[in-house]
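Understanding the architecture of this molecule
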Amino acid sequence: MKKKVRTMCHDCHTKCGVVLVVEDGEIVGVEGDPNHPISEGMLCTKAYSAKEIHEHSDRLKYPLRRTGERGEGKWERITWDEALDAIAEKMRQIIEDCGPESVVTAQGTGRACNAWHYRLQSSIGVPGFSLAPTHVCLLPNLAQTHVTWGRMFHPHEACDYRRAKCNVSWGSNPIRSRQHSGLRMLDSKRDGGKLIVVDPVFRDIASKADVFLQIRPGTDSALALCLSNLVIQNKEYGEELLTEWTNAPFLVNPDEDRLLRDFDLDASADEAADHYVVWDTASNDVAVWRPETKSYDRENVRPALEGSFAVTMADGSQRTCRTAFQEYADYLREFTPEFTAKITWIPEERIREAYDIIVSNKPCILSPYLGACMMSSNALQSGRAITILQILLDPPVDLPGGIFFNPIWDVTFDPKITMADQVPGNHLRLGYDKYPMYTQVYASSNWPASVWEAIETEKPWPVKGIFCVATDLLGCYEDPQRIREALLNDNLEMLTVMDYWMTPTAQLADIVLPAAHWSERDMGDEEVIPDPCIVTIPQIAVDPPGEAKDDWFFWREVGKRLKPEWWPWDSTEEMYLERLKWFYDWPEDGTWEEAVERAYIQPKNAGESRIYEQHKKGLIEFKTASKKIEIYSEAMPVYGYNAPYPTYAEPEEGPVSTPEVYQEYPFVLTTGCRDYPFYHSAWTNIARQRVLEPWPYVEMNDLDARELQISEGEWVYVESPRGRMKAKARPSKAVLKGVLSLPRQNYKDECKELNLPGFDWDQANPNVLIPADGSDPGFGCTPMRGTLARVVKATV
Ligand code: SF4
């Protein structure tokens, strides 16, 4: 008899609601869940492959232990208890011999286990995410919003696209990558809203744009600075938001490249207090802002936003101090459309056209994604430039049609679940000396390339074990050649991998564990979209193959073996219910069946009970030093950035910075764009997906192809100073002349059904072209957008 099981797809971050039709324990139908508040019935082809994935003959079914040499492919079947005991025992031994920092746990993206991974690390004694590609993924965006707003949120997800009058999709193609955002932007457009798309490649959503800004990869901050300049010059900014809620009116100390403090003016003032100074237009004198009380030193202060003011310093001298806003405005002056056109390769008139639409259609929501501000040598500053442009455009804050404060990051990082506050001491992560902002402040993660180095050199401390869940290290990090050498190094005593398939990394492992697909598990996670913000209660639709288990099982069972008092649960359902009670007002005696019945559950302060403008009501605060949104951030120079406000820097490798390399590699390369059928390195083995994009390919401008006598479908090598990969040429007018675009997937798996080959780990893998050395100064984001490459005809 057929039954319908409501659950949730995990094949990308979007987490669409799915109804699986099941008969006699088999999936016989896949439907979008029309009642799901976020996906609203929409699914992509990946979810429709649930049956193929569930039944695929290559799925891992049982825990395996290596019996031959590493990578030799000789395995024996073991039980879960044997595998977990061996893993816990090895972790215990490493902790004893070398310290907890020598245990590296690794996870992939968006598989709903971030918080439990964090808890396992706390159980080991080093809280944080041990190893994840967060240096180029969502964390840079969270970090820059935290620096600016004192709150973590993703600008591309924190907004009410549907009610915006203009949406700017910046470095993203949400039709392929985040469908719910794309759906909402297109709804706005249907209702008469405007759409601007910024991307080096014309694809999907660009076809609906009123203006398409085809940008040179890695130059997004220049565009944001130019638009900001125009907004300020034309006084299109929101004075109230800037004056009352940001530190734009604070005066800058002209001698020390920092904000003026009251102790600069009065030697008796407390230096430790961080009291800032504004020019009060009501009294025509200075006034002092006290963050601890969130008030000025007197009533009715009216801070000047623009201008320079003469102030008397503590030593009696007179100095002229600009407001932070004025200092930024002065820096921006250079970024005229003409000047910016030369940097970005966007025609000047297009920039002006986009600007006119943006300021004539407010609220205008900017939606920057990975390409714009997380994967370049100027990543954090690009993100800040776009975030501050958004603030200048005066969006409704925590109101419909504008930007929302999303509760989910408070849930993800809550110590109730991470136990971070229970682990005493300061813990360093590998790469702490290079990228303190990444390793110590935000991700608490090891910077990836430092992990490979530590395996080989045992410096600054050894890495003796790597334990991976849902991540293929050889597929997801830059410079995989180096990673493979490290994973084969004898210094690494244990490598374990939990996944669906025998991935290239799993082939090198000591223990391999079978993971359950979303159709086979009932673990889930909050969706990051803030309105409606919900958690979906998924259900198991079909039994997993063999003994495959969900990821929460792995973290829980390892945790139980290491610190049982922190892992009291016996099932994933129990863990889920606990989380509902902690964060969702779920009754103490509420059952799993009741949760399943409810289907979608909202956190506190969401949906109909949502309270808007929480900052004005004192319900949330901006957790910056000034307790204001910080246009001028003194934290940025502390983290190694060149200025407290966003600046433009040429990509570290490019036509301007390295002309000698450009001579040999005359294309600007962008890698990592999302293809509809794939997610990161996954699904090239699934026929329903692979049929849509059967071969690795590189997109290039048709004029460039003609000059090189390269034709459509011809095999070429894409080469960079780091390595080369094979792809079929796809010339078209979609790509800017002088640019190459490679999609993310690495075609590692063969597709038996379509008789299409898989490619070895380094043959069709764009990461072989990317330097591992991070070049964003504080965060170590690697330049997946905006390095140099060339394309040559393949000879074999
Ligand atoms: S893979 Fe497709 S169906 Fe699944 S969550 Fe993502 S967009 Fe939704």
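If you're wondering where the values come from, they're calculated on a predicted model, not measured in any experiment.

Quick notes on the rules
Residues numbered from 1 in each chain as written. Predicted model: local features only at pLDDT ≥ 70, side-chain atom pairs only at ≥ 80, totals over all residues. Heavy atoms only, no water. Salt bridge = Lys/Arg side-chain N within 4 Å of Asp/Glu carboxyl O. Helix = DSSP H or I, 4+ residues; strand = E, 2+ residues; numbered from the N terminus. Buried < 20%, exposed > 50% of the residue type's maximum accessible area, 1.4 Å probe, protein only. Domains from an automatic or database assignment. Contact = heavy atoms within 4.5 Å. Buried area = accessible area lost by both parts, 1.4 Å probe. Polar contact = N/O pair within 3.5 Å; in protein donor to acceptor, adjacent residues only side chain to side chain. Phe/Tyr/Trp six-rings, centres within 6.5 Å; stacked < 30°, edge-to-face > 60°. Lys NZ or Arg CZ within 6 Å of the ring centre and 35° of its normal.

Before going further, it helps to spend a moment on the pattern of salt bridges. Under the defined criterion, the tally for this structure stands at 60 salt bridges. Across the pair Glu348 and Arg352 runs a salt bridge whose closest N-O atoms are separated by 3.3 Å. In this pair, Glu348 and Arg352 are both assigned in helix α13 (residues 348-360), four residues apart and thus about one turn of the helix distant. Residue Glu348 is classed as partly exposed on the basis of its relative accessible area of 29%. Taken together, the shared-partner salt bridges connect Glu40, Arg162, Arg184, Asp187 and Arg190 into one network.

Take the domain arrangement of the protein next. Accessible area lost upon the coming together of the parts serves often as the stated size of an interface. As far as domains go, the protein holds domain 1 (64-138 + 408-598) and domain 2 (659-793). If you average the C-alpha positions of domain 1 and of domain 2, the two centres end up 29 Å apart. In this complex, domain 1 contributes 27 residues to the contact, which on the side of domain 2 involves 28 residues. For the pair domain 1 and domain 2, the summed buried surface comes to about 2,200 Å²; carbon and sulfur atoms form 61% of the total. Broken down residue by residue, the surface that domain 1 buries against domain 2 is led by Tyr435, Glu478 and Trp501, which jointly contribute 23%. The interface formed by domain 1 and domain 2 holds zero salt bridges in total. If you look at where domain 1 meets domain 2, you find eight residue pairs in polar contact (both at pLDDT 80 or more).

Moving on, we come to the packing of aromatic side chains. In total, this model carries 34 aromatic pairs according to the counting rule given. Each ring, one from Phe554 and one from Trp555, has its centre 5.3 Å from the other, and the planes form 75°; the classification is edge-to-face. For the pair Phe554 and Trp555, one class covers both residues: buried. Every member of this aromatic cluster is reached through a ring pair, and the members are Trp116, Trp552, Trp567, Trp569, Tyr576, Trp582, Phe583 and Trp592. Geometry around Phe404 places Arg610 over its ring, the cationic atom sitting 4.7 Å from the centre. A cation over a ring is seen here: Lys628 above Trp289, with NZ or CZ 4.0 Å from the ring centre.

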